[in-house]
Amino acid sequence: MSFVILIINPLLGLISIIRSFSKRVLLNKWIVILITSIVFFFLGYNIILTNMNADLTRYFAWMPNYGNISYSALLNTAIAEKNIFVLQQFMLSFFGKLQNDNLFSGFIVSLFYSSYMYINTTFVDKNDINHVSSLKGDLAINFGLTIISFGWVLTSVRNPMANALIAIAIFRDLYLHKRGLTTLIFYFLGLSMHVAVLPIIICRMLVGIVFSKSFIYRILNITIATLLIFISIKSNIIDEFNNKIDTYGLGSNGGGFSQYAHLSFYYRMNSLFLLWLMLLGIVLLVILKRNNTSFDNDFRIFLIFTSILAIISYFAPTPLIDRYGMFVEIFFPLLLMSINYDKISKNKKALFYSILLITGIFGFIWQVAFLSYQIDIYSFIYKIIEGWGSLF
């Protein structure tokens, strides 16, 4: 039935498939991830951008120039300049050669939401059905979809993709405790995509060094942190990070983007909503601690650190809470699935559910409003109906 609904309506079909997975009717998480990837690629492909201040506008303008550059030339230049942040150039070159901007916009959202679904379906897969009930898993994953701004993911380009890649690395590292080559590759890809994820990696190192109960594990984190510092010195990581601080940090004017960020109602409202979500996230993490759940303590402390980082970034000369708030949002369903609601008093539970319901409803309404500011929303809806129907 879920696949029948998917044929009729991609979004409702995705919701139905998430429900089937949560109920253990659909047992293979990779099917859910694949369908998520296809649905969101289709949505991203069918946009007509109208906000000329969006990062995506600049990338569309750059792609034709990069399309004429070979991969070997890009690699040789990166090696000569000791440039770690080469993933952007390879990405622009690849999609520039395809000469279709919409393939790029489809790829952006497909990568982000596939990563989101990998993390959350893996979490459901790894937990007993009594710990994560079908209803809890279903509602938590869909709640995450309502609060994560599709418009932000679509138009911010590198930041959401970098966040998604680092989120996978953090999840594999702190929850799955898989710290092999694959996890290191995701860390590298995330950092190579955007230097803004460096503070997230630093938070990860600090948690391992300060809060780990194992002395050997602390020494390992110190060793990795030392290696990261060495790589940063030998490459352009520090220079790139300093450039961002000079542009957006304390005492800066925020660059040309600062005026837009302070004057745009949509940007300010988006930042305020993220500020609320970060405060709500810290409350959820405190509840997890008091619940005495099996949620990994290092993971919990790390999410508190990154939530505080997001809150601090809200007060920068140019509010940058979206860079870190959206990262934390990816893990919201994990928090909601881990809370033992039976340990919450009846009155507090009613208040808690009301807050989540209002937040989810506002998040969905705000998504539509924010998206209508970024793209031609009516054309988007029409092209979805026309394009999806033509497939069948």
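What comes next concerns the included structure. Being a predicted model, the structure only gives us computed values, none of them experimental.

Further remarks concern the overall build of the protein. For the protein, the helix and strand inventory stands at 21 helices and zero strands. For the protein, buried positions account for 56% of its 392 residues. For the protein, long-range pairs separated by at least 24 residues make up 77% of all intrachain contacts whose partners lie at least 6 apart in sequence. About 18,100 Å² of surface is accessible on the protein, with carbon and sulfur atoms providing 67% of the total.

The next subject is the packing of helix α16 (residues 265-291) against helix α18 (residues 321-329). The contact between α16 and α18 brings their axes to 10 Å, and the two run at 45°. Classed by the angle they form, the pair α16 and α18 counts as oblique. In terms of crossing hand, the pair formed by α16 and α18 is left-handed. Packed against α16, whose contacting residues are Y267, N270, S271, L274, L275, L277 and M278, the element α18 presents I321, D322, G325, M326, V328 and E329 at the interface.

Attention now moves to the side chain of D322. Within the element layout of this structure, D322 appears in helix α18. Those residues in contact with D322, other than ones at most four positions away along the chain, are W152, N163, Y267 and L274.

It is worth spelling out helix α10 (residues 158-175) at this point. With 18 residues, α10 extends 25 Å from end C-alpha to end C-alpha; this agrees with the ideal 26 Å at 1.5 Å per step. Burial within α10 is extensive, with 18 of its 18 residues counted as buried. Following α10 by one or two positions, H177 has its phi on the positive side, about 55°.

To continue, consider the packing of aromatic side chains. Counted according to the given criterion, the structure contains 31 aromatic pairs. A centroid spacing of 4.2 Å and a plane angle of 10° characterise the contact between Y266 and Y373, whose relative ring orientation is stacked. One end of the pair, Y266, is in helix α16; the other, Y373, is in helix α20 (residues 346-374), and 107 residues separate them in sequence. What makes Y373 partly exposed here is its relative accessible area of 23%.

What follows concerns helix α17 (residues 297-314). Think of an α-helix as turning once every 3.6 residues; residues three or four places apart then point the same way. With 18 residues, α17 extends 26 Å from end C-alpha to end C-alpha; this agrees with the ideal 26 Å at 1.5 Å per step. For α17, the tally of buried residues reaches 14 of 18 residues, placing the bulk of the element in the interior.

Another point: a nonpolar patch on the surface. On the surface, a nonpolar cluster with roughly 490 Å² of combined accessible area is contributed by L357, I361, F364, I365 and V368. Structurally, L357 is set in helix α20.

On to the packing of helix α5 (residues 71-81) against helix α6 (residues 87-98), then. Their axes nearest at 10 Å, the elements α5 and α6 cross at an angle of 165°. Taken together, the axes of α5 and α6 lie roughly antiparallel to each other. Handedness of the crossing formed by α5 with α6: right-handed. Residues Y71, L74 and L75 of α5 lie in contact with α6, whose contacting residues are Q89, F90, S93, F94 and K97.

How each quantity is defined
- Residues numbered from 1 in each chain as written.
- Predicted model: local features only at pLDDT ≥ 70, side-chain atom pairs only at ≥ 80, totals over all residues.
- Heavy atoms only, no water.
- Helix = DSSP H or I, 4+ residues; strand = E, 2+ residues; numbered from the N terminus.
- Buried < 20%, exposed > 50% of the residue type's maximum accessible area, 1.4 Å probe, protein only.
- Contact = heavy atoms within 4.5 Å.
- Areas by Shrake-Rupley, 256 points an atom, 1.4 Å probe, with all protein chains shown as cover.
- Axes fitted to C-alpha atoms, helices over the stretch in contact; angles between N-to-C directions.
- Parallel < 35°, antiparallel > 145°, perpendicular 65-115°, else oblique.
- Left-handed = near helix turned anticlockwise from the far one by under 90°.
- Expected span 1.5 Å × (residues − 1).
- Phe/Tyr/Trp six-rings, centres within 6.5 Å; stacked < 30°, edge-to-face > 60°.
- Patch = residues over 30% accessible without salt bridge, like charges linked within 9 Å, V, L, I, M, F, W, Y side chains within 5 Å.
- Salt bridge = Lys/Arg side-chain N within 4 Å of Asp/Glu carboxyl O.

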